[in-house]
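# Residue-level structural notes
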Amino acid sequence: MPGTLLDAGAVIGCPHGGRVAPATTSSGGVRLAGAAAATAAHSYVVTGCPHTVNRVPSPCVTVRWTADGSGITVDGAPVLLDTSAAQCFSAAFVPQGPPVVQVAQRKANVR
């Protein structure tokens, strides 16, 4: 499945407009234009999500990625592509929708 490699500087948002950022990144490993390659082993947090349910705040706080079966790994963890499946969750672990990834410039053709 072709897709764009994600790095620690990728612009990602929750479906409600919050900002997604890696909470942890690789200290070594592969770098893309100076930024660490994003992998499924890293934690991702959401800030600034305005989502409410029945007027009660229910913001997205974390993102969980499902690693693709591409076979490409960094430090033993699958890399993340803009086509990788993911889900944003509230603090109560309620699924809130997939994150929105802005298209990056690097392409990886994975078969």
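## A closer look at the overall build of the chain
Helix and strand counts for the chain stand at 0 helices and 13 strands. Helices and strands in the chain line up, N terminus first, as β-β-β-β-β-β-β-β-β-β-β-β-β. Residues counted as buried form 40% of the 111 residues belonging to the chain. Counted over contacts in the chain with a minimum sequence separation of 6, partners at least 24 positions apart contribute 63%. About 6,100 Å² of surface is accessible on the chain, with carbon and sulfur atoms providing 55% of the total.

## A closer look at the side chain of His42
With respect to the element layout, His42 can be found in the loop between β4 (35-36) and β5 (44-47). At 3.0 Å, the side chain of His42 forms a polar contact with the side chain of Thr39.

## Description of unusual backbone geometry
What is expected of a backbone is that most residues other than glycine have negative phi and most peptide bonds are trans. Residues other than glycine seldom take positive phi values, yet Asp75 does so here, at roughly 50°. Here Asp75 shows up in the loop between β9 (73-74) and β10 (77-78). Phi is positive for Phe93, which is not a glycine, with a value near 60°. Looking at the element boundaries, Phe93 is found in the loop between β11 (85-90) and β12 (95-97). Assessed through its relative accessible area of 53%, Phe93 is described here as exposed.

## Some words on the sheet that holds strand β2 (residues 19-22)
Read from one edge of the open sheet, 7 strands run β12-β11-β8-β5-β2-β1-β13, paired in antiparallel fashion. Whereas interior strands pair on both sides, the edge strands pair on one side only; in this sheet they are β12 and β13 (100-101). Alignment of strand β1 (residues 12-13) against β2, held across 2 bridges, turns out to be antiparallel. By the bridge assignment, Gly13 is partnered in β2 with Arg19.

Cut-offs and rules
- Residues numbered from 1 in each chain as written.
- Predicted model: local features only at pLDDT ≥ 70, side-chain atom pairs only at ≥ 80, totals over all residues.
- Heavy atoms only, no water.
- Helix = DSSP H or I, 4+ residues; strand = E, 2+ residues; numbered from the N terminus.
- Buried < 20%, exposed > 50% of the residue type's maximum accessible area, 1.4 Å probe, protein only.
- Contact = heavy atoms within 4.5 Å.
- Areas by Shrake-Rupley, 256 points an atom, 1.4 Å probe, with all protein chains shown as cover.
- Polar contact = N/O pair within 3.5 Å; in protein donor to acceptor, adjacent residues only side chain to side chain.
- Pairing = 2+ DSSP bridges.

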